[in-house]
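Observations on the three-dimensional arrangement
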Amino acid sequence: MSLAVIQMVSQDDVLANLASARRLLEQAAEGGARLAVLPENFAAIGRRDLAQLGRAEALGEGPILPWLRQTARDLRLWIVAGTLPLPPDGRPEDKPNACSLLIDEQGERAARYDKIHLFDVDVTDNRGRYRESDDYAHGAEVVVADTPVGRLGLTVCYDLRFPELYGALREAGAELISAPAAFTAVTGAAHWQVLVRARAIETQCYVLAAGQGGTHPGPRETFGHSAIVDPWGRVLAEQARGEAVLFANRDATEQAAIRQRMPVSTHRRFMTPATPGPARTE
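Reference entry: report on the structure contained in this document.

What counts and what doesn't
Residues numbered from 1 in each chain as written. Predicted model: local features only at pLDDT ≥ 70, side-chain atom pairs only at ≥ 80, totals over all residues. Heavy atoms only, no water. Buried < 20%, exposed > 50% of the residue type's maximum accessible area, 1.4 Å probe, protein only. Helix = DSSP H or I, 4+ residues; strand = E, 2+ residues; numbered from the N terminus. Pairing = 2+ DSSP bridges. Salt bridge = Lys/Arg side-chain N within 4 Å of Asp/Glu carboxyl O. Axes fitted to C-alpha atoms, helices over the stretch in contact; angles between N-to-C directions. Left-handed = near helix turned anticlockwise from the far one by under 90°. Contact = heavy atoms within 4.5 Å. Nonpolar A, V, L, I, M, F, W, Y, C, P; charged D, E, K, R; others polar.

1. What about the pairing of strand β5 (residues 97-103)?
- Judged by how many residues are buried, β5 sits mostly within the fold: seven of seven residues are covered.
- Side-chain alternation along β5 places N97, C99, L101 and I103 on one buried face and A98, S100 and L102 on a second face that is also buried.
- In the sheet, strand β3 (residues 78-80) pairs with β5 via two bridges, with the strands oriented antiparallel. Its bridge partner being in β5, I79 is matched across the sheet by I103.
- Summarising the sheet, strand β4 (residues 84-86) and β5 pair through three bridges and their orientation is antiparallel. Paired with L86 across the strands is N97, a residue of β5.

Here's what the structure looks like:
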């Protein structure tokens, strides 16, 4: 199996979360995965000291980055490290980004994606109000990177609602797209699978959607239903709730055939925006 997606139920204890993630990544490596995707906030969820956590990591004083490098080396595994709070490179005092790192099998950073779209939304759940911009700064760059299983585009959670980002990743050569997430139970039940499948279909990419799936501090309940979806929109693997390691193979020949039979990337047209007409009066 070349691809793995990991579902977790992370809590606010960083070291306990890292121990759980290590156990799940070991299962991924033992199952033959070359690339594994962890969920959003895999190392800490529900914490109010995110800026402090991120600053410690940037200064080399935190546990997450050394753990990540060592785990990738030990398991000979490429890892998409969900998200962790991390300030911009060289600016540890700045507000952190919700940062998704791609770590290669040598433990080196292959790419960094800072979440562009932040979840500032009111939801009809027991929490009610989410304002990621209180804790994080917006990212601005589209990121793709080469991996042993294909060219990978990086996204995070709320990005799923913005197809223009996924179109930009396809134009940049993406063949797979990671989507670590922590969708709420309410928004997930309404929209999660249709968004994941739609992004796979329109980009003709494999989408690796690694979610949180359970109850967290806050209180917060996440939807789960992590999935691997192929370029035709087929769900190859899925887990409703709780911890899980999902596997699938990338079939590069079939993916190329899908893109050849339906060459949507060459059919795209850009239209002039409509001009509002004069206001009607009675």
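Moving on from the model shown.
2. Details of the pattern of salt bridges
- What the rule picks out here adds up to 22 salt bridges.
- A salt bridge links D94 to R91, with the shortest nitrogen-to-oxygen separation between them at 2.6 Å.
- D94 gets classed as partly exposed once you look at its relative accessible area, which sits at 32%.
- Linking E221 and R241 is a salt bridge whose minimum nitrogen-to-oxygen distance equals 3.2 Å. With E221 in strand β14 (residues 220-221) and R241 in the loop between β16 (235-239) and β17 (244-248), this pair connects stretches of sequence that are 20 residues apart.
- On the basis of relative accessibility, which here comes to 37%, the residue E221 falls in the partly exposed class.
- Overall, R241 belongs to the partly exposed group, its relative accessible area being 39%.
- Via salt bridges that share partners, D89, R109, R112 and D114 belong to a single interconnected network.

3. Remarks on the packing of helix α4 (residues 163-171) against helix α5 (residues 185-203)
- Across the interface, α4 lies against α5 with an axial gap of 10 Å and an inter-helix angle of 35°. The two elements α4 and α5 meet at a crossing, and its hand is right-handed. Counted together, P163, Y166, G167 and R170 of α4 and R199, E202 and T203 of α5 form the full contact between these two elements.
- Broken down by class, the residue content of the contact of α4 with α5 amounts to two nonpolar, two polar and three charged.

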